[in-house]
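Fold and geometry: a report
So the chains spell out like this:
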Amino acid sequence: MRHIISILMENEAGALSRVAGLFSARGYNIESLTVAPTEDTSLSRMTLVTRGNEEIIEQITKQLNKLIDVVKLIDLADISHVERELMLVKVKTTLNNREEIKRLADIFRGKIIDVTNNSYMIEMTGSSEKLDAFVESLNDENIIETVRSGPTSMSRGEHGLHL
């Protein structure tokens, strides 16, 4: 099962390396990873996506909690949450397909953020499934490059991951 683990950690050199090392040493895979400072510059929030059964996820969270840099963590798979992912996709355009690609971007609520004579760069946010569906709707031959952030997520309501 897919799990999104949100981690509040000290904003210190080597903290990311220690988390990645924990996964590597135990043979666990990280599907995506995003890290950025929070409103408190001494803390960073890491959003980590991994897969595993309940025993594996329990082991991962126990090991993460033992790391000195980790202040607090939560497995968002267990609670109601909102998740979004950012994607930039660059597509080849011709006089024949420019309007079609623009319509597709509009349908998926994407935004064309760069235009050249032969390409569009489209910015899109949403669920991973939405982004996958957009990519699948494009002709593979037209895709030049795709960059995705991986999911980032927060719990719903007034509760949050804070001190």
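Given the structure is predicted, the values throughout are model-derived calculations rather than measurements.

Any empty space left between the atoms is revealed when a probe the size of a water molecule rolls over them. A volume near 240 Å³ is recorded for the largest pocket. In terms of lining, the largest pocket is formed by 16 residues, of which the most central are Thr 38, Glu 39, Arg 45, Met 154 and Leu 161. When residues of the lining of the largest pocket are assigned to their parent elements, the largest contribution, four residues, is made by strand S2 (residues 32–37). In the lining of the largest pocket, the residues fall into six nonpolar, eight polar and two charged.

A sheet is described by the order of its strands in space; here four strands give the open sequence S2-S3-S1-S4, paired in antiparallel fashion. A strand with exactly one partner marks an edge of an open sheet, and here the two such strands are S2 and strand S4 (70–75). The average undirected angle you get between the axes of adjacent strands in this sheet is 15°. In this structure, strand S1 (residues 2–10) lies alongside S4, joined through five bridges in antiparallel fashion. Residue Met 9 lies in a different strand from S4, and its bridge partner there is Val 70.

Counting residues in each nonpolar core, the largest one holds 15 residues, and the members touching the most others are Ile 7, Val 19, Phe 23 and Leu 64. Taken together, the elements giving at least two residues each to this core come down to S1, helix H1 (15–26), strand S3 (43–51), helix H2 (54–66) and S4. Setting aside its immediate chain neighbours within four residues, Val 19 contacts Met 9, Met 46, Leu 48, Leu 64 and Leu 67. Counting residues in hydrophobic clusters, the runner-up holds 13 residues, among them Ile 101, Tyr 120, Met 124 and Phe 134.

The next subject is the confidence of the model for the protein. Should the pLDDT be low somewhere, the predicted coordinates at that spot are not to be read in detail. Summarising the model, the protein shows a mean pLDDT of 92, and 100% of its residues fall at 70 or more. For the protein, per-element mean pLDDT is lowest for H1, which scores 89, and highest for strand S6 (residues 111–115), which scores 98.

The full count for this structure, using the stated rule, is two aromatic pairs. Between Phe 23 and Tyr 28, the aromatic rings sit 6.3 Å apart at their centres with planes inclined by 75°, giving edge-to-face as the arrangement. For Phe 23, a relative accessible area of 1% corresponds to the buried category. Overall, Tyr 28 belongs to the partly exposed group, its relative accessible area being 22%. When the ring of Phe 108 is compared with that of Phe 134, the centres are 5.3 Å apart and the planes differ by 65°; the resulting orientation is edge-to-face. Pair noted here: Phe 108 is in the loop between helix H3 (98–107) and S6 and Phe 134 is in helix H4 (residues 128–137), with a separation of 26 residues, a long-range link. With relative accessibility at 0%, the residue Phe 134 sits in the buried group.

Conventions and cut-offs
Residues numbered from 1 in each chain as written. Predicted model: local features only at pLDDT ≥ 70, side-chain atom pairs only at ≥ 80, totals over all residues. Heavy atoms only, no water. 1 Å grid on protein atoms, 1.4 Å probe; cavity = no way out; pocket = protein on both sides within 12 Å on 5 of 7 lines; lining within 4 Å. Points joined across faces, edges and corners; volume = space filled by probe spheres on them. Helix = DSSP H or I, 4+ residues; strand = E, 2+ residues; numbered from the N terminus. Nonpolar A, V, L, I, M, F, W, Y, C, P; charged D, E, K, R; others polar. Pairing = 2+ DSSP bridges. Axes fitted to C-alpha atoms, helices over the stretch in contact; angles between N-to-C directions. Core = buried A, V, L, I, M, F, W, Y, C linked by side-chain atoms within 4.5 Å. Buried < 20%, exposed > 50% of the residue type's maximum accessible area, 1.4 Å probe, protein only. Contact = heavy atoms within 4.5 Å. pLDDT = per-residue confidence, 0-100. Phe/Tyr/Trp six-rings, centres within 6.5 Å; stacked < 30°, edge-to-face > 60°.

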